[in-house]
Each structure stands twice: as structure tokens, then as C-alpha cells.
Amino acid sequence: MLFFVNNLVEMIKIFQIVSLSALCSLLLSGCAATKNEDGLTYAEAYQAYNNTKATDPQLAQNHLLKAIQSKDIPNDTYHLFVEQHAWNIANGVYGDYDQPGFKYWVNTIGSGAGTALQYHLRGVEAITSAYHKNPQEISTYHQEITTFCDKSFNVPTQPIAGGNVGLIVMKSKDCISKNLIKSSAARTLYIKFLQNFDKRDNSATKAIGMSLYETPPTKYNKLDIAQKKSLLDAKIQILNFSIAGAAPNPKHSGTRVGWDNLKQVMKFVDSKNDKDWETISQLNNDFNRLDVSPSDKDFFNYFVLKAAYLNNRIKQGEEAALRLLKSDNFSVEEKYYIQILRLSIYSENKRYLDGLALVDQLINEQSDKSAQRTL
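Everything numeric in this text was worked out from a predicted model, so none of it was measured.

1. Observations concerning the overall build of the chain
Then step 1. Regarding its fold elements, the chain presents 18 helices and zero strands.
Then step 2. Out of the 375 residues belonging to the chain, those deemed buried represent 52%.
Then step 3. Taking the intrachain contacts of the chain between residues at least 6 apart in sequence as the baseline, contacts between residues at least 24 apart amount to 65%.
Then step 4. Summing over all exposed atoms, the chain offers an accessible surface of approximately 18,000 Å²; the carbon and sulfur share of this is 51%.

In C-alpha cells, the structure reads:
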């Protein structure tokens, strides 16, 4: 699957845990945890973190560390909290950049860390190694990146030095990520990152796709299959970078009919059998004909879309996506996220030309919105 969608899934998994009740229901086997030295359970310490992270990042960090260091925190919950703490360090949430601390916490959970976090650390280490060999080259690269930064990116623009070089350059890369649609210079800098510092298996392929970005649609047919896939995947990634990244979180109304139907679908979502997926289509069609609330249908369709994405099922994914895109319950950004899942299914099913036509349309929309904002 496309790496950036996996990144979103991992981030969503962590950051959707925003309340004590959600924490108890999603992560804990019960909330009767031992109190820490502040008289808080690890669940309560996490709630205190959520309550203070916007106003007092340093205090929030202390609360999160108290939760992490609780003796009876469940292992899975510990991993989630450490991942969130590591991402906070990587993004300067606490007010500074602490590369040794970032590395320490990622290594604490080792193979239990999400793939996005592991690859982030590998990129940090690759940049650091390159800096030790040629400081001026990496310093110049960082300066070129930060010409695309503004205050919204929360990145340091001063010359880099010391032990946080890799972490700072990785964070500064956000500046070019948001400018890939409109700037060929930003794409050139990103290609350099892919070729030199991105340690994913498909980084070379992604670099090819980025280099093909300006290929006109009239010449798509002249690209070979590998080039079409690389270009589509690159454009999906660029689209993803350009949007706010908010994932849709349909709210279920709680009616029993919705849950009962969802349970029927859940019996088949791990199946590799085409017949079972046809059953899912039928269950989905039947449910959408029922007189239930729009939020019930959104919840149901979104579940089917995610299941189809994880199983490369284009028919079921397309059916669910088209229904979701007609809903009035999603923001524009949320509908873009639905489109990204849809496009990734196109890519995995070799529907490259269809995918390119759709992603070009969505990128053009984003370009128009960006131009309007600068007027």
C-alpha cells in the first residue's frame, strides 16, 4: 500500500484518542489503574496531557511521560503513548528539537514502533551521516528548503548545527511537501530527499514519479506501466501533502440496525474470497436502502471503504467512496482524504489512467484554491 496513507492510518490511530472515555473504551482493559506519584492513573495522566498540550506544551510533556512511565500501563497502550511522544519531539511540539531523545524513545519500542516512525528515524540518521561527511552541502540543502517556510510550519530557519541536524532537516522538509503542486524547485528538492535520505524500499520509484510530474496528460499513454504507476503514486502523495490531512470520522447514531449490519460485514472483511466480497457489496447495497440516518450510512460506508483499501478491492471501495462523496457530513478536506483512499485502490489495481485523470482533477482544484488564497 502507499506509504503516506499508512502514515495517516498510524497517526489517526494515535491522535484520535482524545478523551478519557475514548481511552478507556479503545485501549484499556479497564480504568482501575494504579495511581502514580501525582495521584493519577496513566489514563488520567493522558487526559491531563490532552488538556494542557495546546496551552502548556512542557507541562503536557510531563503528563505524557507520567503516563508512559506508569508501572501497570498495558503494553499496547505504552507503545501508542511512546509513538505519540516521539512524534511530538520530531515535530517540535514541546518547543525544541531533541534528536537524542527522539532516537531513544523510538528505540525503546524497537520493532513495535510504527513503520512511519521507523522510517523517520532512518531518514534522520541518513541526514546526520551525510552532514558529518559534508556539513556545507547539508547546510545549503536546508537553507534551500527553508526558503519555502513560513511561520505556519514551526521549523527553525537558522543555520543548522549540533546534534539535532537530522531531526531539523526532516521537519523542515514539511515546507517543501506543502509546495510540491506549485513549485518545480520544491519538487527538485524533494527528489533529492528521496534519492539520498528516504530509506523506504520504493523511494527510487517515487523519485521517478516526481521527475515525471510535468508529463502532459496527452502523453500518459506513452509511459510504460512502471512509469504510470510511479507518476500516479507521486501525484497522490503530492495531493495528500497539499491538504490539511484531517481524516473523516463519521459519527454513528447508535441505532441497533447499523451495528447489526456492520457485524455482518465484519465477518467477511478479512476474506480473500471474491464471493465473500460480493456478499459485502450486497450487504452494503441493502444497508444503504434502509431508512436510517445519514450518519449511520456514513459510518457504515466508511468502514467498507477502509476494508476495501486494506484488501485492494476496487469494486467495493468505489461503491463506498462514491456514496461518501455524496454525503453532506464531511468537510472538503475529509472528502479529499476519501479520494486519496480511492486513488490508492486504483493504483493497486493497475487503473493508472483512471487514477491519473482523477488525481489531476483534484490537484487542479487544489491549485485554484491556493491561487485564490494568495489574491
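2. Details of the packing of aromatic side chains
Two descriptors summarise a pair of aromatic rings, namely the distance from one centre to the other and the angle between the planes of the rings.
Then step 1. Counted according to the given criterion, the structure contains eight aromatic pairs.
Then step 2. When the centroid spacing of 4.4 Å and the interplanar angle of 10 degrees are considered together, the rings of Y46 and F81 count as stacked. Taken as a pair, Y46 in helix α3 (residues 42–52) and F81 in helix α5 (residues 75–90) lie far apart in primary sequence, 35 residues in all.
Then step 3. For Y46, a relative accessible area of 1% corresponds to the buried category.
Then step 4. Assessed through its relative accessible area of 1%, F81 is described here as buried.
Then step 5. Arranged with centres 4.2 Å apart and planes meeting at 25 degrees, the rings of F287 and F300 form a pair that is stacked. Taken as a pair, F287 in helix α14 (residues 274–289) and F300 in helix α15 (residues 294–311) lie far apart in primary sequence, 13 residues in all.

3. What to know about the packing of helix α16 (residues 314–325) against helix α17 (residues 332–348)
Any two packed helices are characterised by the angle at which their axes cross and by the distance between the axes.
Then step 1. Contact geometry for α16 and α17: axes closest at 10 Å, N-to-C directions at 165 degrees. With respect to α17, the element α16 is oriented roughly antiparallel. Crossing handedness for the pair α16 and α17: left-handed. Residues I314, G317, E318, A321, L322, L324 and L325 of α16 touch α17, and the partners they reach there are K335, I338, Q339, R342, I345 and Y346.
Then step 2. When its residues are assigned to classes, the contact of α16 with α17 shows eight nonpolar, two polar and three charged.

Reading guide: rules and limits
- Residues numbered from 1 in each chain as written.
- Predicted model: local features only at pLDDT ≥ 70, side-chain atom pairs only at ≥ 80, totals over all residues.
- Heavy atoms only, no water.
- Helix = DSSP H or I, 4+ residues; strand = E, 2+ residues; numbered from the N terminus.
- Buried < 20%, exposed > 50% of the residue type's maximum accessible area, 1.4 Å probe, protein only.
- Contact = heavy atoms within 4.5 Å.
- Areas by Shrake-Rupley, 256 points an atom, 1.4 Å probe, with all protein chains shown as cover.
- Phe/Tyr/Trp six-rings, centres within 6.5 Å; stacked < 30°, edge-to-face > 60°.
- Axes fitted to C-alpha atoms, helices over the stretch in contact; angles between N-to-C directions.
- Parallel < 35°, antiparallel > 145°, perpendicular 65-115°, else oblique.
- Left-handed = near helix turned anticlockwise from the far one by under 90°.
- Nonpolar A, V, L, I, M, F, W, Y, C, P; charged D, E, K, R; others polar.

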